[in-house]
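Fold and contact review
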Amino acid sequence: MSATPADEVDRIVDAWARERPDLDVSPLHVLSRVSRLARHLDLARGSAFAEHHLEGWEFDVLSALRRAGEPYQLSPGSLVQQTLVTSGTMTNRVDRLERRGLVRRSPDPSDRRGVIVALTPAGRTVVDAAMADLLQRERELLAELPQGERDDLAGFLRRLLAPFER
């Protein structure tokens, strides 16, 4: 396997090691790269969503509904859990998506006080197209890694992330 050339993180780590030899700066090798990759991913996501006139939060709500499967509906509480926002924030988001015709509310048949949020056909069309574009951009971000290394990386990142998601 050929050596990978130095990158900006290597330069940052080297500078910190020079300036603060008393500190173990080795975590920067991994986490600064994760942070920089997250920024590139955010840019790619934003670009993919903008092509479909969506904000990231809109995609999050629409994709949660789409992943629910037929009939593409969830309670507001389930949407809150899946998108990690407050109920007040979710109410505002659903209001805005409803005004755009991407979701609709209906009474919850199992709870007279509750509502169900459902994806409209227009919402399904836009989230499906945005997802296809997002996946293409993400494939491009991963293009330097063969599939086996992608699988290994996914496993390493899963282990690293697990304690935060328990």
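Residues numbered from 1 in each chain as written. Predicted model: local features only at pLDDT ≥ 70, side-chain atom pairs only at ≥ 80, totals over all residues. Heavy atoms only, no water.

By the naming in an unreviewed UniProt entry, the protein chain goes by DNA-binding MarR family transcriptional regulator and is assigned to Oryzihumus leptocrescens.

The next thing to look at is the sheet that holds strand S3 (residues 111-119). The three strands are arranged S1-S3-S2 in an open sheet whose pairing can be described as antiparallel. Of all the strands in the sheet, the pair left with one neighbour each is strand S1 (73-74) and strand S2 (103-108). Across two bridges, S1 lies against S3 in antiparallel orientation. Along S3, the bridge assignment pairs Gln73 with Ala118. Here helix H3 (residues 56-67) sits on the sheet in contact with S1, S2 and S3, set at roughly 100° to S3. (Pairing = 2+ DSSP bridges. Helix = DSSP H or I, 4+ residues; strand = E, 2+ residues; numbered from the N terminus. Contact = heavy atoms within 4.5 Å. Axes fitted to C-alpha atoms, helices over the stretch in contact; angles between N-to-C directions.)

All right, on to H3 then. Here H3 is twelve residues long and its end C-alpha atoms lie 16 Å apart, about the 16 Å a rise of 1.5 Å per residue gives. Listed in full, the buried residues belonging to H3 are Trp57, Glu58, Phe59, Val61, Leu62, Ser63, Ala64 and Leu65. Of the residues trailing H3, Gly69 is marked for its positive phi of about 80°. (Expected span 1.5 Å × (residues − 1). Buried < 20%, exposed > 50% of the residue type's maximum accessible area, 1.4 Å probe, protein only.)

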